[in-house]
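These are the residues of each chain, in order.
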Amino acid sequence: MSEEEKKTAAEGAEIEIETPEETNEAPAQDPVTEETAEPKEEAAAEETAAEETEAETEPDEAGEEAGENKKEFDLFGRKKKFEKELAKKDAEIASVNDQYKRLLAEFDNYRKRTEKEKSGMYAMGAKDVIEKILPVIDNFERGFSLVTEEDKEDAFVTGMEKIYKQFGTVLTDLGVTPIEAVGKPFDPNLHNAVMHVEDENLGENTVAEEFQKGYLYKDQVVRYSMVKVAN
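Just so you know, these numbers come straight off a predicted model, no measurement behind them.

Caption draft 1: Fine view of the overall build of the protein. Helix and strand counts for the protein come out as 3 helices and 6 strands. Shown N-terminal to C-terminal, the secondary structure of the protein runs as helices and strands in the order α-α-α-β-β-β-β-β-β. Taken across its 231 residues, the protein has 11% of its residues classed as buried. Residue pairs in contact within the protein that sit at least 24 positions apart in sequence constitute 63% of those at least 6 positions apart. Summed over its atoms, the accessible surface of the protein is roughly 19,500 Å², and 54% of this surface lies on carbon and sulfur atoms.

Structure (structure tokens):
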């Protein structure tokens, strides 16, 4: 090798030595001084403390809100339960009130029906008794029709008249009244026509004569009047 070639090769080797080798190591950073590190550490500590305070505050606020919501929910539930129970009680009261009204109406109807039945039974019994007494009254009247003017002053006749009047008073007190017939228009609800007669002095369909006296018991016919009707 000539000296020029050796010289060229030596220069090339120097160039290769001076060129830094490529490595995977990261470039070195500037050294951190103590003055620069302290502010960064203080800022990091403050940030951590703030985060911890915020973390502690947020759960407290969330807990209070959850507690209020739970309290409101409990009150709402109790209110709904109370309203439901109140509605149930109102329905029960309405049902009992309706039953009471029905029972009161039924009792009132029963009382009226019983009074009507009792009144009807009393009237029926009274009519039976009155019907049995009326023939006695008829016999008194037939007997008095045969008494002459001379015999009217007799003590016996006077006593019979007093007994007859007493019978009449008792019947009147019981509600028994005689039916008016002679000279009145014929009424089939009160009179029983057994004869007809032509009489110009009387109007049409007028009772001319009474054969047997009729009686009423409290507006009910106990016995129809037996009459003769004119025209």
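Caption draft 2: Structural context of a nonpolar patch on the surface. Taken together, the side chains of Tyr122, Val170 and Leu174 make up a nonpolar region of the molecular surface, amounting to roughly 290 Å² of accessible area. Mapped onto the secondary structure, Val170 falls in helix α3 (residues 155-174). The class for Val170 is partly exposed, based on a relative accessible area of 42%.

Caption draft 3: Main features of the sheet that holds strand β4 (residues 215-217). The strand order β1-β4-β5 describes an open sheet built from 3 strands, whose pairing is antiparallel. The open sheet has two edge strands with one neighbour each: β1 (176-178) and β5 (220-223). Here the strands of the sheet are splayed against their neighbours by 35 degrees on average, with no regard to which way each runs. With 3 bridges connecting them, β4 and β5 associate as antiparallel partners. The partner of Tyr217 across the bridge, within β5, is Gln220.

Caption draft 4: Broad picture of the sheet that holds strand β3 (residues 206-212). Strand order in this open sheet of 3 strands is β2-β6-β3, and the pairing throughout is mixed. Of all the strands in the sheet, the pair left with one neighbour each is β2 (191-197) and β3. Taken over all neighbouring pairs, the strand axes of this sheet differ in orientation by 35 degrees on average, direction set aside. As paired elements, β2 and strand β6 (residues 225-230) share 6 bridges and run parallel to each other.

Caption draft 5: Inspection of the pattern of salt bridges at higher detail. Across all of its chains, the model carries 9 salt bridges by this definition. Across the pair Arg111 and Glu115 runs a salt bridge, and its minimum N-O distance is 3.4 Å. One end of the pair is Arg111 and the other is Glu115, both in helix α2 (residues 34-145) and 4 residues apart, which spans about a single turn. For Arg111, a relative accessible area of 34% puts it in the partly exposed group. One salt bridge in this structure joins Arg223 and Asp138, with 2.7 Å as the shortest N-O distance. Highlighted residues: Arg223 in strand β5 and Asp138 in helix α2, separated in sequence by 85 residues. Overlapping salt bridges, with partners in common, bring together Asp108, Arg111, Lys112 and Glu115 in one network.

Caption draft 6: Looking closely at the nonpolar core. Ranked by size, the top nonpolar core spans 10 residues in total: Ala123, Ala126, Ile130, Leu134, Ile137, Leu171, Val176, Tyr215, Tyr217 and Val222. Broken down by secondary-structure element, the contributors of at least two residues to this core are α2 and β4. Considering each element in turn, this core owes the most residues, 5 residues, to α2. Among residues more than four places away in sequence, those in contact with Leu134 are Tyr215, Val222 and Arg223.

Caption draft 7: Layout of the side chain of Lys228. Within the secondary structure, Lys228 sits in strand β6. Dropping the residues within four chain positions of it, Lys228 is found in contact with Met195, His196, Val197, Thr206, Val207, Ala208, Glu209 and Phe211.

Conventions we followed
- Residues numbered from 1 in each chain as written.
- Predicted model: local features only at pLDDT ≥ 70, side-chain atom pairs only at ≥ 80, totals over all residues.
- Heavy atoms only, no water.
- Helix = DSSP H or I, 4+ residues; strand = E, 2+ residues; numbered from the N terminus.
- Buried < 20%, exposed > 50% of the residue type's maximum accessible area, 1.4 Å probe, protein only.
- Contact = heavy atoms within 4.5 Å.
- Areas by Shrake-Rupley, 256 points an atom, 1.4 Å probe, with all protein chains shown as cover.
- Patch = residues over 30% accessible without salt bridge, like charges linked within 9 Å, V, L, I, M, F, W, Y side chains within 5 Å.
- Salt bridge = Lys/Arg side-chain N within 4 Å of Asp/Glu carboxyl O.
- Pairing = 2+ DSSP bridges.
- Axes fitted to C-alpha atoms, helices over the stretch in contact; angles between N-to-C directions.
- Core = buried A, V, L, I, M, F, W, Y, C linked by side-chain atoms within 4.5 Å.

These values are about where atoms sit, not about what they do.
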